[in-house]
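# A look at the structure
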Amino acid sequence: MLTLSSCNDSDGGKSAAPAAVGGSRPAEPSGRQTARPGNPSAAEQPNAKALVPTPDAPATATTPPRPRSMAALGDSITRGFDSCSPLRDCPEKSWATGTSADVNSHAKRLGLPADAVFNNAETGARMSDLAGQAREAVRERADYVTILMGANDACRRTEAEMTSPGTFESQFRDALQVLREGLPHARVLVVSVPDLHRMWETGHDEMMARAVWSVANVCQSILEDPQSAKPAALDRRQRVRDRVTAYNGKLREVCSTWSNCRYDGGVVNTQRFGKNDVSHWDWFHPSVAGQRTLAEVTSRQGYSWG
């Protein structure tokens, strides 16, 4: 969702879908993969300096030992949806676990082997699906977990369908508890939900964007009638933006209850993603450039490993 956000709507987060967040979609993308250690390989950058894991490095209060494995939880943003080809996941371009030198993901920066990296995200997932993904990370015994979830909770067919902040908080709390109990020594990075209003700002003056958003029912809670300047439309967009702000407040609050959890400080929400950062297939999901930006800004706000 880039502006990025995540996402396609889903039936319980179990089936992949082509359109960006929420709404009906014209076609079904490739199905969700199970037990996916690593991702498809891509050409390596000759001069890239891979960081070799040093799991035995001593940990401090602020510098944990370098992880030996990681799991990424989330939705279509983390699956790299629409970054390689239209209406398809492209995990090799994922900001979190991608193998592409064009993105320089968290996994690549850590120098982790492909069989120690798991992308458990699901295109179309919402916060209600996070606990299930967390249980997968527990089974994988991940040392490091990234979470980017919530855009699909706001990106719905109608404003009334958005997840309430209270329900969002409860679902996130349950998922974090799964990690806290199953992976008590793991480090968790929680990424803020992107600003969907920024997505509207970026594409509402593009004819192709308006056409795709309408035909594919992309995030209609905020993108319906994108050129309207009527008070009702302006107020609706602001209410969706306020809901995302509320979600991020819940992420920050719940994450702060566990010393091993770090919130990104809202850096992704406030990032000014531009037209080159979104896929021009749907004018909603991150392009390769957008995935690279995500990797960069979250890494700066993430952990410094020992």
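About the cut-offs
- Residues numbered from 1 in each chain as written.
- Predicted model: local features only at pLDDT ≥ 70, side-chain atom pairs only at ≥ 80, totals over all residues.
- Heavy atoms only, no water.
- Salt bridge = Lys/Arg side-chain N within 4 Å of Asp/Glu carboxyl O.
- Buried < 20%, exposed > 50% of the residue type's maximum accessible area, 1.4 Å probe, protein only.
- Helix = DSSP H or I, 4+ residues; strand = E, 2+ residues; numbered from the N terminus.
- Phe/Tyr/Trp six-rings, centres within 6.5 Å; stacked < 30°, edge-to-face > 60°.
- pLDDT = per-residue confidence, 0-100.
- Contact = heavy atoms within 4.5 Å.
- Polar contact = N/O pair within 3.5 Å; in protein donor to acceptor, adjacent residues only side chain to side chain.
- Arc of directions from axis to C-beta.
- Core = buried A, V, L, I, M, F, W, Y, C linked by side-chain atoms within 4.5 Å.

## Details of the pattern of salt bridges
Applying the stated criterion across every chain, the model contains twelve salt bridges. Note that Asp 102 is salt-bridged to Lys 93, the shortest N-O span being 3.4 Å. Lys 93 sits in the buried class, given a relative accessible area of 14%. Between Arg 173 and Glu 169 there is a salt bridge, and its shortest N-O distance comes to 2.7 Å. Note that Arg 173 and Glu 169 are positioned in helix α4 (residues 165-182) at a spacing of four residues, about one turn of the helix. The buried category is assigned to Glu 169, whose relative accessible area is 15%. The structure contains a network of salt bridges with shared partners spanning Glu 169, Arg 173 and Lys 250.

## Quick notes on the packing of aromatic side chains
Applying the stated criterion across every chain yields a total of four aromatic pairs. Measuring from ring centre to ring centre gives 4.1 Å for Phe 168 and Tyr 247, while their planes differ by 10 degrees; the resulting arrangement is stacked. With Phe 168 in helix α4 and Tyr 247 in helix α8 (residues 231-255), the pair connects residues that are 79 residues apart, well separated along the chain. In this pair, the class of Phe 168 matches that of Tyr 247, namely buried.

## Focus on the environment of Val 103
Following the sequence through the fold, Val 103 ends up in the loop between β1 (70-74) and α1 (106-110). Val 103 sits in the buried class, given a relative accessible area of 0%. Taking the C-alpha atoms as reference points, Val 103 and Arg 292, separated by 189 residues in sequence, lie 4.2 Å from one another.

## Notes on the confidence of the model for the chain
Detail in the predicted coordinates should be disregarded across regions flagged by low pLDDT. Taken as a whole, the chain shows an average pLDDT of 83; of its residues, 80% reach a score of 70 or greater. Within the model, pLDDT remains below 50 along residues 1-60, and this stretch shows 211 contacts once partners closer than five positions in the same chain are excluded.

## Section: the environment of Gln 133
With respect to the helices, strands and loops of the structure, Gln 133 is situated in helix α2 (residues 130-140). Owing to a relative accessible area of 0%, Gln 133 belongs among the buried residues under this scheme. Sequence spacing of Gln 133 and Leu 73 is 60 residues, and the spatial spacing of their C-alpha atoms is 6.2 Å. Of the polar contacts made by the side chain of Gln 133, one reaches the backbone nitrogen of Gly 74; its length is 2.7 Å.

## Regarding helix α6 (residues 207-215)
Here α6 has its buried residues at Ala 209, Val 212 and Trp 213. Burial along α6 is one-sided: seen end-on, the buried residues are contained in an arc of 100 degrees. Of the residues in α6, the exposed ones pointing more than 90 degrees away from the buried face are Met 207 and Val 215. For α6, the secondary structure elements touched by its buried residues are α5 (196-203) and α7 (220-223).

## A short note on the nonpolar core
Formed by 50 residues in total, the largest nonpolar core has its most connected members in Val 145, Ile 147, Leu 179, Val 188, Val 190, Leu 196 and Phe 284. Setting aside chain neighbours within four positions, we find Val 188 in contact with Val 145, Ile 147, Leu 176, Leu 179, Trp 258, Asn 260, Cys 261, Arg 262 and Tyr 303. Counting 22 residues, the second-largest nonpolar core is a separate cluster that includes Met 70, Ala 72, Leu 294 and Ala 295.

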